[in-house]
Amino acid sequence: MKIDLRSIYRFHPIEGADGLPSGGDVYYECECGDIVSSVSFVKAACKCGNVAGGHGSVTTQSPEKVKPLRGKLR
Ligand SMILES: [Zn+2]
């Protein structure tokens, strides 16, 4: 089962980020279009497999294909 985070959060790109930041309100948008929390505690992955996380951290195979976003609850 998949939750569309866009229906819960309003996302804004993080400008001038040095590398990929992480935090409770930081999300990664992969080039495949999926959004994964940067500190996901549940097992989560984007559909192309570039971003995969769980247990509070996320690994990205190709960070250049990932855009960090800040999410605010709608
Ligand atoms: Zn992806």
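So, a few notes on the structure that sits alongside this text. (Residues numbered from 1 in each chain as written. Predicted model: local features only at pLDDT ≥ 70, side-chain atom pairs only at ≥ 80, totals over all residues. Heavy atoms only, no water.)

### Thoughts on the coordination of the zinc ion
Line of reasoning, step 1. At this site the zinc ion is bound by Cys30 (SG), Cys32 (SG), Cys46 (SG) and Cys48 (SG), with donor distances of 2.3 Å.
Line of reasoning, step 2. Geometry at the zinc ion is tetrahedral, judged from the 4 donor atoms that bind it and their angles of 104 to 114° at the metal.
Line of reasoning, step 3. Mapped onto the sequence, the residues coordinating the zinc ion show the spacing C-x1-C-x13-C-x1-C. Of this pair, cysteine 30 sits in strand 2 (residues 26–30) while cysteine 48 sits in the loop between strand 4 (44–45) and strand 5 (51–54), and the two are 18 residues apart along the sequence.
Line of reasoning, step 4. Its relative accessible area of 46% is what places cysteine 48 among the partly exposed residues. (Donors = N, O, S within 2.8 Å, 3.2 Å for Na, K, Ca; no water. Tetrahedral: all angles 85-135°; square planar, octahedral: opposite > 155°, others 65-115°. Helix = DSSP H or I, 4+ residues; strand = E, 2+ residues; numbered from the N terminus. Buried < 20%, exposed > 50% of the residue type's maximum accessible area, 1.4 Å probe, protein only.)

### Observations concerning the sheet that holds strand 2
Line of reasoning, step 1. Pairing is antiparallel in the open sheet, where 4 strands are placed in the order 1-7-2-3. The sheet is open, and its two edges are formed by strand 1 (9–13) and strand 3 (35–37), each paired on a single side. For this sheet the average axis-to-axis angle between neighbouring strands, irrespective of direction, equals 40°.
Line of reasoning, step 2. As paired strands, strand 1 and strand 7 (residues 66–73) are joined by 5 bridges and run antiparallel to one another. In the strand pairing of strand 7, histidine 12 is matched with arginine 70. (Pairing = 2+ DSSP bridges. Axes fitted to C-alpha atoms, helices over the stretch in contact; angles between N-to-C directions.)

### Remarks on the side chain of serine 40
Line of reasoning, step 1. Take serine 40: it is sitting in the loop between strand 3 and strand 4.
Line of reasoning, step 2. The exposure class of serine 40 is buried, given its relative accessible area of 5%.
Line of reasoning, step 3. For serine 40, the residues in contact, after removing those within four places along its chain, are Gly54, His55, Gly56, Ser57 and Val58. (Contact = heavy atoms within 4.5 Å.)

### Topic: the environment of glycine 56
Line of reasoning, step 1. With respect to the helices and strands, the residue glycine 56 is situated in the loop between strand 5 and strand 6 (57–60).
Line of reasoning, step 2. Classification of glycine 56 by relative accessible area gives partly exposed; the value is 22%.
Line of reasoning, step 3. Sequence separation of glycine 56 and serine 38 is 18 residues, and the distance between their C-alpha atoms is 7.8 Å.
Line of reasoning, step 4. In this view, glycine 56 contacts Ser38, Val39, Ser40 and Phe41; residues no more than four positions away in its chain are not counted.

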